[in-house]
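Next come the chains, spelled out residue by residue.
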Amino acid sequence: MARGRRNQRWPQRPPIDPSLVASFDLKLDAAPYSPEKFYADTLSADQRRLRRDPVSLPASSRLSADLVHNDEALLQQFGGDFDASVLLQADEESANLFFTPADPEVEEGDDVSPAESGASQYMASDEPLKQWIPRRDVYLTELLRHDGRGPYARSRCGSCAEGFQGGPAVVRCLDCSPSAHVCQICVVQQHRHCPWHRIQRWGGCAYQRTTLKDLGMIVRLGHEADCSVCSNPVLRTSFTVVDTNGRHAVAIEFCGCDKARDAGDHVQQLLRHRLYPATDVDPNTAFTFSLLEHYHIQSLQGKISMYDYYTSLERLTDNTGTQRLSDRYKAFMRVVSQWRHLKRLKRSGHGHDPTGVGGTQAGELAVRCPACPRPNVNLPSNWESASDDLRYLYAVTVAIDACFRLKRRAVSNEVKDPILGSGWGYFVEDTGYHEVLADYEDQEEISTCTGLSTIDHANTKYSKGYAATGIGAVVCARHEFWLANGAGDLQKGEKYINMDYVFVSSMREWLVVKKLVSYDIACQWSKNIVERISNLPSHLQIPVPEGSISYVIPKLHYRSHETLNHSQYSLNYMPGCARTDGEGIERRWWWIQPIASSTKVMGPGMRQGVLEDQWGYSNWRKTVDLPWALSARLKEAVREYRDHKALFDTLTLTLDPARCAEWEASVKGWELDPKGKDDPYVVASQGMTERETVQELSMEEQAASASPGFVAVHSVSMLGFMTLGLEIEMQQWTLSDDAKAATPSRLPELHERRTSLRRKIQKFRDLQGIYMAAASLVLAEDPACRTDVQEVEKIRLGLPSEISQSRRDAVCGPRLQEIEARLREGQCRGVLQELRSKLHTIHQLYTYKKLNVRNQGPNTRARASITHQEAGKARAIRKYRHARRAKLAICGPGEWERELKPLEDGDIRGLEEDDPCSTKKKRKRKHGAVNDPAEGRRRMSWIWHSADQDGSADMIDSLRVEWLKVRARQMRWAEEVQLLPEEMRRVLATYRYEHGVWMARSAASPSEDPFVKEGMASYAIKQASIRSAMAKVFKQLCLPVAASSSPNAAKDWDCDEWGSAQNHWSSLQKRKGAIS
């Protein structure tokens, strides 16, 4: 359905006639008017939508008396009978209330007006479908017209040669453009070069399906060039050809005369006619190249399974069940597997290799990332002499992860379904891999510190019946390319040996460059990795010099880890990480997931072929999209760097320069070697939790009781009285929530809980008569405070914070108010920590469920866990808001509000660590939803300001951490601004290198056949031309952006060597100075 109508104009909205507007009598009645009933319609700016917004009319009981007195226009609007004295009287009465107003909460099940929800209502305005509906009959009759002969009906064929009496014109082709009906002889002549068309014959009153074979057509092979007649043809009358429009029964003549030597054997003759044989010996079925190309791109882009595609071909052939079609599905699977393999060999240049296909080396069929550093390909000759502050420009950044959705059942084996080119692409070599794994069968799965290890280890429970429970893989973290030899099957969970083997195999191309490795459990996996690598077989061992590998945790996973000494694994804080988020491999798992259900039941060879083909296509599409991706990222990086640099400079100017210099010196030492040093990004706590507050108050009371002259008025102290009141308050909330969802079978238990709570409230009332004696008379008269009610959870306790300010000092002593205020402050801090924990857990549960949980049972259990955590989050939100309101009622506004701010709905969000797409969610969001910013560009929700606080400290320490974080943000953006032009230069250098490789192949063909030699040269030149065209587009898009980011950013792009060493270093140093 079309969504836009560029040329259609909405008529202007006519002015509203005042006489048509209903007159409402807005006098103050006993019942206030409901604001939910009134709406205003407005046309959107693009004139495509009619927007209906609710208009909240003021209720009579809430109208401000001051507004009524001061706004004469409003008085006139409400009519001359408006009586403001009613409101004035209401205001005077409210000033004399004993209790403060109840918490403004919306009970479950209450209706929320559109005005309160803030959601705009849009009326449907997409007109094309509505315009089509009245014309359905026209479309339907035109479809029916094609089932008759129409204007093409004629008695004799008009296409026959002059002088030849035409035969009956009763035949038409469904795949040719609409044309006149012709005779049987002419239709065969017209389809000599398109023999796979569908033909119909007019039977007098209706069309009947026929074939070109039935009309006498024979497809002759081996003589296509000179169109001569074979003197000794080999006829096959029961041959089957499958094309994109269905299956076709054809008669084929193979060449068997003296020219058979040039024409080739039967398989070669079919291939030269763009037909792929189903078998290599005596083929009787073939698939057209067009069909294989069509399915290939459909499977890559649309993730269509072979079964669904082949079944659709059979339905095109016969969808009535009246024809018996022989099954060619297995042949189709086999041919597609071969086609995929041959395409990858061809595109990697192995058709031009003198050693042939057998000379293919490990990983040579993989599509490489053109932006990653590759020595002798896209790096300057003296890149190794780069200064330490520029070394990150030539580091490769990779991400490791495992996906437990890509399972494979224990079906088939390597004998029945061999792997074509094992180890030539993205998977590691299968035989050697399993030989090494056999020595580590008892190795345990990698432990984690994420707090979700129970869920992670649950993957091992379902390993029975599976040959592979998932896949471990390595990708380029900056550009999300799958790495050569960077994938391997997992047999039971995520073991060290699996991930070590895959990592080492993928890193053999980058032995001399520095590596930044992102892994969601890097803090565990990096321990003893050098020792584990040294214990691998000798052909797998790689040199790991000290400092050559840095380990980080992806940003989205980072906050799920414990905070102690983990900043050294943060991509936000470690130098040289730029704006890498490390989550690219998660996005690649999401991209590949649609084929998980089909590859799960495949044999080993078919599954690896499908996955490697998908990964190759993913890499190629990433290559094609690089100009737009890198240019957009650089534009954003320049803009964000300027903003964050300004923020950092502004903040620094407000601080003591000596203190800033001290902080910077300290963090620089930590950045050089974080081991054994205190984490500079962990801030100490600004206040005590509820439990710590109770402990401190208890110690104060003990000290007071030991003073001379102290007399205890009751065995329960004032602190005990207040803590009992807060405990009862929490139990009332829990009981109220449980009562709403209680089933008949739970009513007896509910009664017991109410009885127990009633006893506590009665005890609290006794203590209240001692510590708040003046309030006893009021509590006894207030119906809401009576204890002789059934629903004890609704009893009002009458805590100091619930008493109005004008009456509080008369009934509560200052010590009692101080105790509640301090307890409420501690409550707020404790609840914030609980809320942060719930947000972390909910996010991780959602992420894990989305990626790894399938089937009804596991989904139900995961959903139950999420629901339980959501309920805890809702309780924490309610508790914080109530505690803060109580604190505000007692203390009033003050400095404490800088830490404990009002908790708005927009503040309740998880800390999404630096996802570049966090502000552009691909999923459709509900109207009014807020996109949470990432760490590098975030305006962080205030609830996370003290997320890692666990000790006492002053405000200076908190300010130090915030200054360091602002500094880290602008540094990461500065690194991104420098790194992206270098990546752009490497892309162009890679295109130049690959262009030269293909041009060399065009001049050196290993074949002696002149036709093959010409084809090889033509294909090589085509590939070289593609690189030239891609380089041209890349420069057009990226050169202006790079030049605008810094005057020296792209000066060396036009050098003969695509960046000589001298020009390259000069450009980098000038660019660094410009950025600084």
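Everything below is about the structure printed above this text.
Please read these numbers as outputs of a predicted model, since none were measured by experiment. (Residues numbered from 1 in each chain as written. Predicted model: local features only at pLDDT ≥ 70, side-chain atom pairs only at ≥ 80, totals over all residues. Heavy atoms only, no water.)

J.: I tried to follow the packing of aromatic side chains on my own but got confused; where do I start?
T.: The geometry of an aromatic ring pair is captured by two quantities: the separation of the ring centres and the angle between the planes. According to the stated counting rule, one finds 29 aromatic pairs in the structure shown. Between the aromatic rings of Tyr 295 and Tyr 309, the centroid separation amounts to 4.9 Å while the plane-to-plane angle is 55°, which identifies the pairing as tilted. Taken together, the positions of Tyr 295 in helix α10 (residues 289-301) and Tyr 309 in helix α11 (residues 306-317) put the pair 14 residues apart, joining distant regions of the chain. Of the two residues, Tyr 295 and Tyr 309, both sit in the buried class. The interplanar angle of 65° and the centroid separation of 5.3 Å between the aromatic rings of Trp 482 and Trp 589 together place this pair among those described as edge-to-face. Taken together, the positions of Trp 482 in strand β16 (residues 482-490) and Trp 589 in helix α19 (residues 584-592) put the pair 107 residues apart, joining distant regions of the chain. Across this residue pair, the class does not change: Trp 482 and Trp 589 are buried. (Phe/Tyr/Trp six-rings, centres within 6.5 Å; stacked < 30°, edge-to-face > 60°. Helix = DSSP H or I, 4+ residues; strand = E, 2+ residues; numbered from the N terminus. Buried < 20%, exposed > 50% of the residue type's maximum accessible area, 1.4 Å probe, protein only.)

J.: Got a minute to help me understand the sheet that holds strand β9 (residues 246-254) in this structure?
T.: The pairing of strands in a sheet comes from backbone hydrogen bonds and takes either a parallel or an antiparallel form. Ordered in space as β7-β9-β8-β11-β10, the 5 strands form an open sheet in which the pairing is mixed. The sheet is open, and its two borders are formed by β7 (219-220) and β10 (275-277), each paired with just one other strand. In terms of strand pairing, β10 meets strand β11 (residues 285-288) through 3 bridges, oriented antiparallel. When the sheet's bridge partners are listed, Pro 277 is paired in β11 with Ala 286. Across the sheet, α11 touches β8 (234-243) and β9, and the angle it forms with β9 is around 85°. The strands touched by helix α12 (residues 329-347) are β10 and β11; relative to β10, the strand with the most contacts, the crossing angle is about 115°. (Pairing = 2+ DSSP bridges. Contact = heavy atoms within 4.5 Å. Axes fitted to C-alpha atoms, helices over the stretch in contact; angles between N-to-C directions.)

J.: Would you mind going over the pattern of salt bridges with me for this structure?
T.: A side chain of one charge can pair with a side chain of the opposite charge when the charged atoms of the two come close. All told, the structure shown has 45 salt bridges when counted by the stated rule. Between Arg 884 and Glu 897 there is a salt bridge; the shortest N-O distance is 2.9 Å. Taken together, the residues Arg 884 in helix α29 (residues 856-891) and Glu 897 in the loop between α29 and α30 (955-1003) connect sequence positions 13 residues apart. Residue classification places Glu 897 among the partly exposed residues on the basis of a relative accessible area of 24%. (Salt bridge = Lys/Arg side-chain N within 4 Å of Asp/Glu carboxyl O.)

J.: Which parts of the structure should I look at to understand unusual backbone geometry?
T.: When glycine is set aside, most residues are seen to have a negative phi, and most peptide bonds are trans. A positive phi angle is found at Glu 480, which is not glycine, with a value near 65°. With respect to the helices and strands, Glu 480 occurs in the loop between β15 (470-476) and β16. Residue classification places Glu 480 among the buried residues on the basis of a relative accessible area of 9%. A positive phi is found at Ala 578, a non-glycine position, where the angle reads about 50°. With respect to the helices and strands, the residue Ala 578 is situated in the loop between α18 (555-558) and α19.

J.: What's the story with empty space enclosed by the protein in this structure? I'm lost.
T.: Unoccupied space between atoms shows up once a probe the size of one water molecule is rolled over them. Evaluated as defined, the whole model comprises 8 cavities of 30 Å³ or more. In this structure, the second largest cavity encloses a volume near 120 Å³. In terms of lining residues, the second largest cavity is bounded by 14 residues, among which Arg 344, Leu 420, Gly 605, Gln 608 and Gly 609 are the most central. Secondary-structure elements contributing two or more residues to the lining of the second largest cavity are α12 and α21 (604-653). In the lining of the second largest cavity, the residues fall into 3 nonpolar, 8 polar and 3 charged. (1 Å grid on protein atoms, 1.4 Å probe; cavity = no way out; pocket = protein on both sides within 12 Å on 5 of 7 lines; lining within 4 Å. Points joined across faces, edges and corners; volume = space filled by probe spheres on them. Nonpolar A, V, L, I, M, F, W, Y, C, P; charged D, E, K, R; others polar.)

J.: Looking at this structure, I do not really get helix α24 (residues 718-740). What am I missing?
T.: Three- or four-residue spacings in an α-helix give side chains the same orientation, since the helix completes a turn every 3.6 residues. Given a rise of 1.5 Å per residue, 23 residues ought to cover 33 Å, and the 34 Å separating the end C-alpha atoms of α24 matches this to within 8%. Buried residues of α24: Leu 719, Phe 721, Met 722, Leu 724, Gly 725, Leu 726, Ile 728, Glu 729, Gln 732, Trp 733, Leu 735 and Ser 736, and no others. (Expected span 1.5 Å × (residues − 1).)

J.: Teacher, can you tell me more about the side chain of Lys 343 here?
T.: Its location among the elements puts Lys 343 in helix α12. Here Lys 343 falls in the buried class, since its relative accessible area comes to 12%. Of note is the side chain of Lys 343, whose polar atom sits 2.6 Å from the side chain of Glu 293. Filtering out sequence-adjacent residues up to four positions away, Lys 343 remains in contact with Glu 293 and His 296. (Polar contact = N/O pair within 3.5 Å; in protein donor to acceptor, adjacent residues only side chain to side chain.)

J.: Would you explain the sheet that holds strand β5 (residues 199-202) in this entry?
T.: Pairing within the open sheet is antiparallel, and its 3 strands lie in the order β4-β5-β6. Each of the sheet's edge strands pairs with one partner strand only, and the pair in question is β4 (171-173) and β6 (207-210). Neighbour-to-neighbour, the strand axes of this sheet turn through a mean angle of 35°, independent of strand direction. Bridge count for β5 against β6 is 4 bridges, and the pairing is antiparallel. Looking at the pairing, Trp 202 lines up with Tyr 207 of β6.

Geometry only, nothing functional implied.
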